[in-house]
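Spelled out, the chains give:
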Amino acid sequence: MISKISLLLVALLFLSCKQETKSSSQNDYSVVVPVFSADSAYNYVKRQVDFGPRVPNSSPHKACSEYLVSVMRDFGAVVVEQKVQLTAFNGDKLNANNIISSFNVEKNQRILLFAHWDSRPWSDHDPDPKNFNVPVIGANDGASGVGVLMEIARQIGMQSPNIGVDIIFFDAEDYGAPDKYQIDSPDSWCLGSQYWSKNPHVKNYTANFGILLDMVGAKDAKFYREQISDYFARSIVDKIWNTATNLGFDKFFINRSGGTITDDHYYVNKIIGIPSIDIIQYDPQSEVGFGDYWHTTKDDMNNIDKETLFAVGTTVLHIIYNEIQ
Ligand code: AHN
Ligand code: ZN
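Throughout what follows, the structure given in this document is the object of discussion. Remember, predicted model here, so these are calculated numbers, not experimental data. Here, residues in each chain are numbered from 1, in the same order as that chain's written sequence. Both sets of labels track the order of writing: A upward for chains, 1 upward for ligands. Given that the model is predicted, a residue must reach a pLDDT of at least 70 before its local features are reported, and side-chain atom pairs must reach 80 or more before they are shown or counted; all residues, however, enter totals for whole chains, interfaces and linings. Only heavy atoms go into the side-chain values, all of them from the structure, while hydrogens and water stay out.

1. Quick notes on helix α2 (residues 38-50)
Okay, step 1: End to end, α2 covers 18 Å across 13 residues, agreeing with the expected 18 Å (1.5 Å per residue, within 8%).
Okay, step 2: The contact criterion used is simple: two residues touch if any of their non-hydrogen atoms lie within 4.5 Å. Strands here mean DSSP runs of E at least two residues long; helices mean DSSP runs of H or I at least four residues long; both are numbered from the N terminus. Tucked into the core, α2 has its buried residues touching α3 (59-74), α4 (139-158) and α8 (306-321).
Okay, step 3: After α2 finishes, the residue G52 shows a positive phi value of roughly 100 degrees. To estimate the expected span of a helix, count its residues, drop one, and scale the result by 1.5 Å.

2. Notes on the coordination of the zinc ion (ligand 2)
Okay, step 1: Donor atoms: N, O and S within 2.8 Å of the metal, or within 3.2 Å for Na, K and Ca. Because water is excluded, sites can look incomplete. Within the protein, the zinc ion (ligand 2) binds to D141 (OD), D174 (OD), D174 (OD) and H295 (NE2); these donor distances fall in the range 1.9 to 2.5 Å.
Okay, step 2: On the primary sequence, the residues serving as donors to the zinc ion (ligand 2) are separated as D-x32-D-x120-H. Placement of the pair is D141 in helix α4 and H295 in the loop between β8 (276-280) and α8, with a sequence separation of 154 residues. Assigned by exposure class, D141 and H295 land together as buried. Note on exposure labels: buried denotes an accessible area under 20% of the residue type's maximum, exposed denotes more than 50%, and partly exposed covers the range between, all computed with a 1.4 Å probe on protein chains only.

3. Quick look at unusual backbone geometry
Okay, step 1: Backbone geometry at N204 places phi at a positive 60 degrees, although glycine is not the residue there.
Okay, step 2: Among the structural elements, N204 can be located in the loop between α5 (191-198) and β5 (209-214).
Okay, step 3: Since its relative accessible area comes to 70%, N204 is described here as exposed.
Okay, step 4: Non-glycine residue H295 carries a positive phi angle of around 55 degrees.
Okay, step 5: By relative accessible area, H295 is classed as buried at 1%.

4. Section: α4
Okay, step 1: Between the first and last C-alpha of α4 there are 27 Å, a value that for 20 residues agrees with the 28 Å anticipated at 1.5 Å per step.
Okay, step 2: Most of α4 sits inside the fold, with 17 of its 20 residues counted as buried.

5. Considerations on the site of ligand 1
Okay, step 1: Taken together, H116, D141, E173, D174, W189, D214, M215, I261, T262, W294 and H295 make up the full set of residues adjacent to ligand 1.
Okay, step 2: Take D174: an N or O atom from its side chain is 3.1 Å from a nitrogen atom of ligand 1.
Okay, step 3: Here a nitrogen atom of ligand 1 and a side-chain polar atom of H295 are 3.4 Å apart.
Okay, step 4: Reported accessibility uses the Shrake-Rupley method at a 1.4 Å probe radius. Residues are deemed covered only where the shown protein chains occlude them. Out of a free accessible area of 320 Å², ligand 1 has 87% covered by protein chains.
Okay, step 5: Taken together, the residues that form the shell around ligand 1 break down as four nonpolar, three polar and four charged. Put simply, a residue is near a molecule or strand once any heavy atom of it comes within 4 Å of that molecule or strand. Identification of polar contacts relies on pairs of N or O atoms within 3.5 Å, with a donor-acceptor requirement for protein atoms, meaning one able to donate a hydrogen and the other able to accept it, and with residues adjacent in sequence counted only if both atoms are side-chain atoms. Put simply, Ala, Val, Leu, Ile, Met, Phe, Trp, Tyr, Cys and Pro go in the nonpolar bin, Asp, Glu, Lys and Arg in the charged bin, and everything else, Gly too, in the polar bin.

6. Focus: the side chain of N98
Okay, step 1: Position of N98 relative to the elements: it lies in strand β2 (residues 93-103).
Okay, step 2: Among the polar contacts made by the side chain of N98, one reaches the main-chain amide nitrogen of D171 at a distance of 3.0 Å.
Okay, step 3: Excluding its chain neighbours within four sequence positions, the residues that come into contact with N98 are V80, E81, Q82, F169, F170, D171, G192, Y195 and W196.

7. Here's the deal with the sheet that holds β5
Okay, step 1: Sheet architecture is open: six strands sit in the order β1-β2-β4-β3-β5-β8, paired in mixed fashion. The strands lining the two open edges of the sheet, one partner per strand, are β1 (78-87) and β8. Ignoring which end each strand starts from, the neighbouring axes of this sheet average 20 degrees apart.
Okay, step 2: Following DSSP output, two strands are said to pair if at least two bridges run between them. Sheet topology places β2 next to strand β4 (residues 164-170); five bridges connect them, and they run antiparallel. When the bridges of β4 are listed, S101 appears paired with I167.
Okay, step 3: To get an axis, fit a line to the C-alpha atoms, keeping to the stretch in contact for a helix; angles then go from 0 to 180 degrees between the N-to-C directions. Lying over the sheet, α5 contacts β1, β2, β3 (110-116) and β4, oriented at roughly 115 degrees with respect to β1.
Okay, step 4: Contacts from α8 reach β3, β4, β5 and β8, with the element oriented near 170 degrees to β5.

Here is the structure:
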């Protein structure tokens, strides 16, 4: 009897020891992930839209760039402005500005987050052809991704993650050739990211991986696995879609293959070799693929939904704060 009891005690002691070792072991840590504020992100989207269309060379474009730089500096980021003149497909000279904000600059392990901040000069997908020359307001197409990243920057400024984070707002993404000109030139898009990928702000810059946010604010948006992302960075896509699912956002993040979109992440993968993925609203089943507001005069604040901003922002925050070096 006594021996049985002592055996049990030894066993219990053994178990509790094991448990103790486990709870203090290195990879069993717990992190507090900041809470993403959708109200705040929504506000950052609206602030950009309130400037008017941010078409390169326009005054709203200039005013908005100053606003973005000053807010990111207020959050404690080290901000570099990469001002450069880029030539569009039609010969237009665009005074572009890639806005690069860095946190934890001393860290070698880094995550790159990006979105485009310019808006498109033409509503070339508007049902009314008379609107062709009306610039896109770009609440979702441009401002949503930037707004989510601004809220992420605000959270990082208040509670530092374990890893370095660079946030780039790329310019001149949306100056691509309209379909009606029938010039097949994917490289007419994403001029800012092409330039940065060839001329990064830091010599030999690299990051563990990159995440692009493009059109991440529309109501009931669905984010399928974009195929260029799966080609260059499948494990990152897996990680993000699994994280979203575990957080209960599987109605937004659909774990199935979507379109193949030439977007800023393509050049970041191809030119500078940072494995990068695109979270983008694109439904392979629908007619245009993108939402029906896309490149129309309808891409205004009515198109923006806080629930979508929250799902995307929360997922990306969890990715950042669970990354340890
Ligand atoms: C193409 O349509 C080739 N690319 C879409 C990239 C884009 C435009 N993202 C936002 N606006
Ligand atoms: Zn666009």
